[in-house]
2 protein chains.
Amino acid sequence: MSIILIEVDGLLQRFKDLIKKTSENLESNIVLAIDVDEKDPQVLLEKCVEIIDAVSPHICGVKFGRPLILKLSLNNQIRDLIRLAHEKKLVTIMDAKINDVAHTNLNITTQYFDAGFDAIIASPFVGWDGGLDTVFQEATKRNKGVILLVHMSHKGASQGYGRIVIDPDSTKKIPQFIIFAKNALAWKADGVVVGATHPNNLTMVKQIVGENVPIFAPGVIAQGASPKDAVKAGADYLIVGRGIFSSSEPEKSAQKIKDEVNSTIKKLAKSDFEYS
Amino acid sequence: MSIILIEVDGLLQRFKDLIKKTSENLESNIVLAIDVDEKDPQVLLEKCVEIIDAVSPHICGVKFGRPLILKLSLNNQIRDLIRLAHEKKLVTIMDAKINDVAHTNLNITTQYFDAGFDAIIASPFVGWDGGLDTVFQEATKRNKGVILLVHMSHKGASQGYGRIVIDPDSTKKIPQFIIFAKNALAWKADGVVVGATHPNNLTMVKQIVGENVPIFAPGVIAQGASPKDAVKAGADYLIVGRGIFSSSEPEKSAQKIKDEVNSTIKKLAKSDFEYS
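Residues numbered from 1 in each chain as written. Chains lettered and ligands numbered in written order. Predicted model: local features only at pLDDT ≥ 70, side-chain atom pairs only at ≥ 80, totals over all residues. Heavy atoms only, no water.

## Here's the deal with the overall build of chain A
Here is step 1: When its secondary structure is counted, chain A shows 12 helices and 10 strands.
Here is step 2: What you see for chain A is a C-alpha radius of gyration of 18 Å, in line with the 19 Å of a compact globule of 276 residues.
Here is step 3: When the backbone C-alpha atoms are referred to their principal axes, chain A occupies close to 55 × 45 × 40 Å.
Here is step 4: The buried share of chain A, reckoned over its 276 residues, is 60%.
Here is step 5: A sequence separation of at least 24 residues applies to 68% of the contacts in chain A between residues at least 6 apart.
Here is step 6: The positive charge centre, built from 33 side chains, and the negative charge centre, built from 33, are 4 Å apart in chain A. (Helix = DSSP H or I, 4+ residues; strand = E, 2+ residues; numbered from the N terminus. Rg over C-alpha atoms; globule rule 2.2 N^0.38 Å. Buried < 20%, exposed > 50% of the residue type's maximum accessible area, 1.4 Å probe, protein only. Contact = heavy atoms within 4.5 Å. Lys, Arg positive; Asp, Glu negative; His and termini not counted. Charge placed at Lys NZ, Arg CZ, Asp CG, Glu CD.)

## Some points on the confidence of the model for chain A
Residues and elements named next belong to chain A.
Here is step 1: The share of residues in chain A with pLDDT of 70 or more is 94%, and the mean pLDDT across the chain is 93.
Here is step 2: Ignoring residues within four places in sequence, the model shows residues 1–10, a span with pLDDT below 50, making 26 contacts including any to other chains.
Here is step 3: We note a pTM of 0.94 for the whole complex and an ipTM of 0.93 for its interfaces. (pLDDT = per-residue confidence, 0-100.)

## What to know about the sheet that holds strand 3 (residues 91–98) of chain B
Residue and element names in this part refer to chain B.
Here is step 1: With parallel pairing, eight strands are arranged side by side around a closed barrel as 1-2-3-4-5-8-9-10. Strand-to-strand twist across the sheet, computed as the mean angle between neighbouring axes with direction ignored, equals 30°.
Here is step 2: With two bridges joining them, strand 9 (residues 215–217) and strand 10 (residues 237–240) adopt parallel strand pairing. By the bridge assignment, Ala-217 is partnered in strand 10 with Leu-238.
Here is step 3: Lying on the sheet, helix 2 (residues 15–26) is in contact with strand 1 (30–33), strand 3, strand 4 (119–122), strand 5 (145–151), strand 9 and strand 10; it crosses strand 3 at an angle near 135°.
Here is step 4: Here helix 9 (residues 199–209) sits on the sheet in contact with strand 5, strand 8 (191–194) and strand 9, set at roughly 165° to strand 9. (Pairing = 2+ DSSP bridges. Axes fitted to C-alpha atoms, helices over the stretch in contact; angles between N-to-C directions.)

## Some words on the relation of the copies chain A and chain B
Note: a rotation about an axis with an accompanying shift along it relates these two copies of the chain.
Here is step 1: Rotating chain A by 180° and moving it 0.0 Å along the rotation axis overlays it on chain B with an RMSD of 0.0 Å. The transformation relating the two chain copies, once decomposed into turn and shift, fits a two-fold axis. For chain A, the residue whose C-alpha comes nearest the rotation axis is A:Val165, separated from it by 2.0 Å.
Here is step 2: Taken together, the interface assignments show that 100% of the residues at the interface of chain A recur at the interface of chain B, consistent with an identical surface on both copies. (Least-squares fit on C-alpha atoms with pLDDT ≥ 70 in both.)

This is the structure we're talking about:
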């Protein structure tokens with residue numbers, strides 16, 4: 001059980017509720033992707049601490065990537081960074097992109113949850129049976145979240161996530177990511193990742209998952225999409241990495257993106273906006 | 001550059017040639033999946049050393065999984081295990097199942113190659129552009145191997161790898177893994193992973209990749225497939241984990257599987273066998 005789960009309202013709750021409350025409290029829908037790199041592990045750790053310290057007033061969570069885990073120790077420095085994020089009342093997400101067989105997935109998931117992560121990202125491409133079944137079971141047992149990769153933000157994503165496949169239910173031709181969005185609903189995922197670089201896809205996913213599964217959108221700033229357009233297209237949370245930590249003034253950049261997102265959300269709330 | 005590359009014939013060579021020569025020298029087509037688990041990292045390390053020491057006369061390589069990397073340090077204990085395997089003239093494969101965007105994939109790949117791995121496993125589902133392009137480029141530059149996941153061994157694999165999709169070239173309906181097998185040929189992969197639990201699929205992949213791309217088959221023993229049937233269906237190398245390390249006598253189990261595979265290969269060579 002992570003610290004933040006107790007502190008927020010004294011009751012265990014699902015990750016999607018936890019991040020919603022966190023983002024309302026902190027008035028930010030920005031998740032920092034802390035993908036900084038440094039040759040020396042000690043320098044890397046210090047840089048991570050510095051960035052979390054600086055931008056914490058403008059974000060609601062921190063997403064860790066696999067390269068950082070390889071360079072720092074999961075059971076020492078990474079735990080310290082998770083603790084720091086939790087002290088700032090931020091949620092923590094491990095972008096593990098889990099895609100192995102069930103017993104291996106369970107081992108990986110258990111190690112990340114033991115280290116303190118509140119949620120883990122997994123690929124629905126490995127399916128349920130003997131694939132992600134153990135990941136969802138473990139997350140449910142520990143009140144942690146599973147976030148599914150539904151569409152990624154790079155060009156080659158169209159060769160996999162965007163491929164036209166035969167829907168086993170309707171036998172119609174549909175894009176692969178639509179099946180993944182339906183998986184997220186059926187499997188009770190606590191979030192989906194959809195690249196902001198394909199706003200139409202974002203909206204298609206929003207129409208399927210509605211308010212049941214929040215959408216996390218990477219691909220803004222450094223990869224070209226605008227935060228405003230991503231929110232308009234249906235993103236609930238924006239995942240921002242280089243747009244913040246590679247900026248000469250990370251805190252100001254984080255604040256600017258947060259303000260842009262917040263003002264877009266306010267405008268949308270005033271209008272009779274519908275995702276279409 | 002790994003030690004073994006120099007030792008085998010004094011010239012840099014592709015990973016697929018390296019493992020072929022290694023397996024001929026050691027008269028074994030068995031790759032040990034060293035997926036052992038122990039709570040205490042030091043005990044885990046000792047157990048790994050013990051198993052590699054015991055079974056090295058009967059295998060040609062060692063495949064490391066993500067759970068082990070999380071528990072041991074990539075830059076300390078894992079390097080020691082890679083060095084041990086290389087001293088035994090075995091090749092080393094990192095089962096990273098890489099499936100991220102290009103710059104993250106490159107960072108992960110670089111860290112694993114720097115640690116000494118000879119080859120890395122990646123998922124073709126993320127596509128080439130901005131996906132695996134950087135992984136293949138880095139591998140080519142350093143004469144390391146990339147092995148693609150073409151079909152996995154668990155039940156849920158049919159929901160992804162086995163899904164019927166529209167072939168962008170012919171517009172015909174084909175299984176997803178056939179496209180992955182074609183990717184492996186086109187991208188000049190040094191291997192493909194195809195689960196032995198679906199022997200028909202193994203044979204279909206063999207018909208596509210022929211002798212150009214060796215097939216690595218997991219799923220024997222613990223997951224139910226027989227080593228003999230896997231070789232008959234087209235596997236070039238068998239990946240064996242629990243069938244060896246969970247056995248009460250790992251060395252004897254490894255020898256038994258090796259002998260079964262070798263005698264099957266000899267019988268096939270004597271006949272006019274064709275994969276069909």
